[in-house]
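# Reading the structure
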Amino acid sequence: MSNANAPRGIVVLTGAGVSAESGLGTFRDVDGIWTKYPLEDLATPEGFARNPDFVQGFYNDRRAQLKTSEPNAAHVALARLEAALQAAGRRFTLVTQNVDHLHETAGSQNVLHMHGELLKVRCQACGSVVRWPDDLTSKTHCPVCEATGLMRPHVVWFGEMPLYMDEIEVELSRADLFVSIGTSGNVYPAAGFVQLARRAGARTLELNLEPSDGATFFDEARYGKASDVVPDWAHDIMKWL
Ligand code: OAD
């Protein structure tokens, strides 16, 4: 590959596997979060309506866990790659299904959190989204409209529309390389991005511990821990800039 045919536009999609080595659990692996806790109670609007305190407690614990989590080599490599591609005038879009903020802590500038952010909460009365590093309870007041008990995690639950979809689809249609990192390919619409990118003419690459459910849709794959395969791949791209 030469500088002229290095990718002009890259879309990277990350999932829980990119944060696994930072100590944040994945969802569907052995010991994954949804093997220990009921998804329909903790990640649906209906579950929240049934038992808000149980749901708030679960997300309070996950929010607290973020305080002691550090980015790993995969997050750092993606932040460096973004800076290098920007300096070279190439497009780079980082879409994450993760609700943690480890990409930002590692230095990524522009992250599309399609499943929301754990460090933000949303008022169901006025719709305000505010930064919130602490616990939420059924007595919490909205800092904007002052309604009580109507704050919820700013996390997309099953049955709700993911965020930034228009922006993501535009970037997928313009990319010449789509890279999926640390995701099982179980949850749509993210699991369908590889096919959208292919249809638009992009090459596709999977970086994961093992073949995902969508593995056959990728032109190429590198299997291993994110902290190994992501820095290696980023290094290969940067070499050609
Ligand atoms: P999953 O738990 O479904 O998949 C994690 C993937 O990461 C698996 O394919 C693992 O093999 C891989 N993996 C594990 N450790 C790894 C490592 N060290 N390096 C590289 N890969 C590793 O998580 P997601 O695909 O992110 O949504 O799940 C998608 C969505 O389902 C989440 O955003 C969440 C969940 O329900 C909501 O809560 C809305």
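Residues numbered from 1 in each chain as written. Predicted model: local features only at pLDDT ≥ 70, side-chain atom pairs only at ≥ 80, totals over all residues. Heavy atoms only, no water.

## Some points on the layout of surface pockets
In this approach, a probe sized like a water molecule rolls over the atoms, and the result shows the empty space that is left. Considered as a void within the structure, the largest pocket measures approximately 850 Å³ in volume. Of all the elements in the fold, those that place two or more residues in the lining of the largest pocket are α4 (52-66), β8 (203-208) and α9 (226-239). Taken together, the residues that form the lining of the largest pocket break down as 22 nonpolar, 15 polar and eight charged. (1 Å grid on protein atoms, 1.4 Å probe; cavity = no way out; pocket = protein on both sides within 12 Å on 5 of 7 lines; lining within 4 Å. Points joined across faces, edges and corners; volume = space filled by probe spheres on them. Helix = DSSP H or I, 4+ residues; strand = E, 2+ residues; numbered from the N terminus. Nonpolar A, V, L, I, M, F, W, Y, C, P; charged D, E, K, R; others polar.)

## Quick look at α9
Relative to the 20 Å expected for 14 residues at 1.5 Å per residue, α9 spans 19 Å between its end C-alpha atoms, a close match to the ideal helical length. Packing partners of the buried residues in α9 comprise β1 (9-14), α5 (73-87), β7 (177-181), β8 and β9 (220-223). (Expected span 1.5 Å × (residues − 1). Contact = heavy atoms within 4.5 Å.)

## Thoughts on the packing of aromatic side chains
All told, the structure shown has seven aromatic pairs when counted by the stated rule. Ring centres of Trp34 and Phe58 lie 6.1 Å apart, and the angle between their planes is 25°; this geometry places the pair in the stacked category. Here Trp34, found in helix α1 (residues 33-36), pairs with Phe58, found in helix α4; they are 24 residues apart in sequence, far enough to count as distant. For Trp34, a relative accessible area of 17% translates into the label buried. Phe58 sits in the buried class, given a relative accessible area of 9%. Ring centres of Phe48 and Trp157 lie 5.2 Å apart, and the angle between their planes is 50°; on these two criteria the pair is classed as tilted. Residue Phe48 is located in helix α3 (residues 45-50), and its partner Trp157 is located in the loop between β6 (151-155) and α7 (165-174); the two are separated by 109 residues in the primary sequence. A relative accessible area of 9% places Phe48 in the buried class. With a relative accessible area of 3%, Trp157 lands in the buried category. (Phe/Tyr/Trp six-rings, centres within 6.5 Å; stacked < 30°, edge-to-face > 60°. Buried < 20%, exposed > 50% of the residue type's maximum accessible area, 1.4 Å probe, protein only.)

## Notes on the nonpolar core
Ile10, Val12, Val179, Val230 and Trp233 are the most contacted members of the largest nonpolar core, which totals 22 residues. For this core, the leading source of residues is α9, giving six residues. Ignoring anything within four residues of it in the chain, the contact list for Trp233 reads Ile10, Val12, Leu78, Leu81, Leu177, Val179, Leu205, Leu207 and Arg222. (Core = buried A, V, L, I, M, F, W, Y, C linked by side-chain atoms within 4.5 Å.)

## Section: α7
Met165, Ile168, Glu171 and Leu172 are the residues of α7 that are buried. An end-on view of α7 places all buried positions within 125° of arc, on one side of the element. (Arc of directions from axis to C-beta.)

## Quick word on empty space enclosed by the protein
The full count for this structure, using the stated rule, is one cavity of 30 Å³ or more. Computed from the structure, the largest cavity encloses a volume of approximately 40 Å³. Around the largest cavity, the lining residues are Gly9, Ile10, Val11, Arg91, Phe92, Thr93, Glu171, Arg174 and Ala175. Elements supplying a minimum of two residues to the lining of the largest cavity: β1, β2 (91-96) and α7. Tallied by class, the residues present in the lining of the largest cavity amount to four nonpolar, two polar and three charged.

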